[in-house]
Amino acid sequence: MLVISLSREIGGYLYEVFIANFDFWLALGLVGQLLFAMRFVVQWLASEREQRSVIPVAFWFFSIGGGLITLIYGLYKREPVIILGQAFSIFIYLRNLVFIARERRAARSAAEG
């Protein structure tokens, strides 16, 4: 009886969260999470191809896209944990792109001259 009751409560909760409360903001939040998750798929595929741990540039772009969308979602929903986590993380993702661009410029300069 307890298992049946628990499964009904969980089912009701999941229905309320994902179906009954479905709106634009939930869809936006899910898109942000999907983009954010894609960065791990990109990283995994690149590492498998190289047979070593690799973080491709696309990882950082997916991080920024997913982070920004999730931040917008958190701001709308007034979720301080999401807001703080994403706001600081986006800075780190952007900073990594700056390092990559700087490294590529230095490599081009060294190759040219």
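Above: the structure in question.
Residues numbered from 1 in each chain as written. Predicted model: local features only at pLDDT ≥ 70, side-chain atom pairs only at ≥ 80, totals over all residues. Heavy atoms only, no water.

Participant: Sorry, what's going on with the nonpolar core here?
Facilitator: Note that soluble globular proteins tend to have their nonpolar side chains buried in a common cluster. Of all hydrophobic cores here, the largest spans 8 residues; its members are F36, F59, W60, I64, L71, I90, Y93 and L97. Contributing elements (two or more residues each) for this core: α3 (57-77) and α4 (80-112). Per-element accounting of this core gives the leading share, 4 residues, to α3. (Core = buried A, V, L, I, M, F, W, Y, C linked by side-chain atoms within 4.5 Å. Buried < 20%, exposed > 50% of the residue type's maximum accessible area, 1.4 Å probe, protein only. Helix = DSSP H or I, 4+ residues; strand = E, 2+ residues; numbered from the N terminus.)

Participant: Teacher, can you tell me more about the packing of α3 against α4 here?
Facilitator: Any two packed helices are characterised by the angle at which their axes cross and by the distance between the axes. Their axes nearest at 9 Å, the elements α3 and α4 cross at an angle of 155 degrees. Comparing their axes, α4 and α3 come out roughly antiparallel. Between α3 and α4 the crossing geometry is left-handed. On the side of α3, the interface is formed by V57, W60, F61, S63, I64, G67, L68, T70, L71, Y73, G74 and L75, while α4 contributes I82, I83, Q86, A87, I90, Y93, L94, N96, L97, I100 and R104. (Axes fitted to C-alpha atoms, helices over the stretch in contact; angles between N-to-C directions. Parallel < 35°, antiparallel > 145°, perpendicular 65-115°, else oblique. Left-handed = near helix turned anticlockwise from the far one by under 90°. Contact = heavy atoms within 4.5 Å.)

Participant: Please explain helix α2 (residues 24-50) as it appears in this structure.
Facilitator: Since there are 3.6 residues in each turn of an α-helix, residues three or four apart along the chain are aligned in direction. Its 27 residues place the ends of α2 39 Å apart at the C-alpha level, agreeing with the 39 Å of an ideal helix rising 1.5 Å per residue. Within the span of α2, buried status applies to L26, L28, G29, G32, F36, R39, V42, Q43, A46 and S47. On its buried side, α2 packs onto α1 (2-20), α3 and α4. Structurally, the start of α2 carries an N-cap: the backbone nitrogen of W25 is 3.2 Å from a side-chain oxygen of D23. Immediately beyond the C-terminal end of α2, within one or two residues, lies Q51, with a positive phi of roughly 60 degrees. (Expected span 1.5 Å × (residues − 1). Polar contact = N/O pair within 3.5 Å; in protein donor to acceptor, adjacent residues only side chain to side chain.)

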